[in-house]
Amino acid sequence: MDAPDAPVPGPAGPDTPAPEPAGPPSAAPAPEAGVPDAEAPEAGVSEAGFFEVPPAATQPSAVRAPGEDPADAWSLHAAWAAPLRRRPVPIALLALAVLTALTWRIGARPDLPAFLWLGLAGTFLGVVDATLRRLPEPLTLPSYAAGVTLLGAAASFTDDGGARFGRAILGMAALGAFFGVQWLLLPEGTLGFGDVTLAGLLGMHLGWLGWRAWVLGVTATLAIALVVSLALLATRRAGRKSQIPYGPFLLAGTLAAVLVHG
C-alpha cells in the first residue's frame, strides 16, 4: 500500500520528467545526553535586559532549579545567580552608587551597617528579580537575620533605640501582611511569595526610620510601579496580561524613603 502522504505522480509524457524515487527521510542526529547546546543562552537569563517578561519555562517558583544540588542553591554558582555572574561590572557600579548614597544620607550612625547590608542585598535582589522574576531565599533570609542583628545592636547606641527597634518589628509585620493579603487575594501570578518576603524585610528598615518613612516607602513603591507599568504599556513592551517583576519597585520605593527620612 502506498503511503498516504506520498505525492501522486501525473501521467508521463515527453515534457513531463518522471519523478525521482523518494529516498528515506534523513534522521537528525540525536543530541548526546548531558551535553548542552553550545549556542543556547544561560537558562533563565534574558538577552534583552531588565523588565523582559520571560517565558513560563524560565519562571521557576522555587530557588533551586530542577536537578540542582540543594547545597549549590546557596552559592553564587546557583541558577538564580546567573545575572550576577553575567554582568559583574555594571552590577558592582550600581551597588557602589547605592551604598554611596546611603552612606551620604545616613552618615556615621550606629544603624549605617544595617542599611549598607540592605543596600547591597537589595541591589542583587533587584537585578535577579528584574531578569528572572525570582527573589531567591539565599539573599532574603540572611538579610532578615542581618537586619535584626544589626538594628538590634544599633538600638543600644541610639537615642530611643528601643522604640525604634519596636517600630522596626511592627513595620516588618505590617508591610509583610499588607503584601501577604494581596498575594492571597489577587489573581495568581500578580505577586509572588518572594515579594511578600522582601516586603517584610524592607518594612523592618522603614519602620526603624519611623512611620512617615514607612508610609512614603509604600506610596513611592505604588507610584513607581504605576508609572513604569504605564510606560511599558505605552511603548508596547508589555501587555495588560504581562507579569512584571515587583521586587525592583519595592526596592526603589524603599530607597527613596530612606534618602528622604534617613
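Residues numbered from 1 in each chain as written. Predicted model: local features only at pLDDT ≥ 70, side-chain atom pairs only at ≥ 80, totals over all residues. Heavy atoms only, no water.

**Considering the pattern of salt bridges**
Then, number 1: A complete count under the given rule lists two salt bridges for this structure.
Then, number 2: In this structure, R109 and D111 form a salt bridge, with 2.8 Å as the shortest nitrogen-oxygen distance.
Then, number 3: Judged by its relative accessible area of 29%, R109 is partly exposed.
Then, number 4: Across the salt bridge formed by D160 and R164, the nearest N and O atoms sit 3.5 Å from each other.
Then, number 5: Overall, the relative accessible area of 22% leaves R164 in the partly exposed class. (Salt bridge = Lys/Arg side-chain N within 4 Å of Asp/Glu carboxyl O. Buried < 20%, exposed > 50% of the residue type's maximum accessible area, 1.4 Å probe, protein only.)

**Observations regarding the packing of helix α6 (residues 193-209) against helix α8 (residues 247-261)**
Then, number 1: One can describe the packing of α6 onto α8 by two numbers: an axis separation of 10 Å at closest approach and a directional angle of 5°. Between α6 and α8, the crossing angle belongs to the class labelled roughly parallel. Judged by residue contacts, D195, L198, A199, L202, L206 and L209 of α6 engage G247, L250, L251, T254, A257, V258 and H261 from α8.
Then, number 2: Partitioning the contact of α6 with α8 into residue classes produces nine nonpolar, three polar and one charged. (Axes fitted to C-alpha atoms, helices over the stretch in contact; angles between N-to-C directions. Helix = DSSP H or I, 4+ residues; strand = E, 2+ residues; numbered from the N terminus. Parallel < 35°, antiparallel > 145°, perpendicular 65-115°, else oblique. Contact = heavy atoms within 4.5 Å. Nonpolar A, V, L, I, M, F, W, Y, C, P; charged D, E, K, R; others polar.)

**Observations concerning the nonpolar core**
Then, number 1: If you look at the biggest cluster of nonpolar residues, it comprises 48 residues, and the most contacted ones within it are F179, L198 and W208.
Then, number 2: Elements supplying a minimum of two residues to this core: α2 (88-106), α3 (112-132), α4 (137-155), α5 (161-185), α6, α7 (211-234) and α8.
Then, number 3: A total of nine residues in this core trace back to one element, the largest contributor, which is α6.
Then, number 4: When neighbours within four sequence positions are excluded, F179 is seen to be in contact with L191, V196, A199, Y246 and L250. (Core = buried A, V, L, I, M, F, W, Y, C linked by side-chain atoms within 4.5 Å.)

**A word on the packing of α2 against α8**
Then, number 1: Contact pair α2 / α8: the axes reach a minimum separation of 8 Å and the direction vectors enclose 30°. Taken together, the axes of α2 and α8 are roughly parallel relative to one another. The two elements α2 and α8 meet at a crossing, and its hand is left-handed. Contacts from A101, L102, R105 and I106 of α2 reach α8 at L255, V258, L259, V260 and H261. (Left-handed = near helix turned anticlockwise from the far one by under 90°.)

**Topic: the environment of W117**
Then, number 1: The residue W117 is located in helix α3 in this model.
Then, number 2: Judged by its relative accessible area of 42%, W117 falls in the partly exposed class.
Then, number 3: The sequence separation of W117 and A146 amounts to 29 residues, and the corresponding C-alpha distance is 7.6 Å.
Then, number 4: Every residue in contact with W117, bar those within four places of it in the chain, is listed here: P142, S143, A146 and L150.

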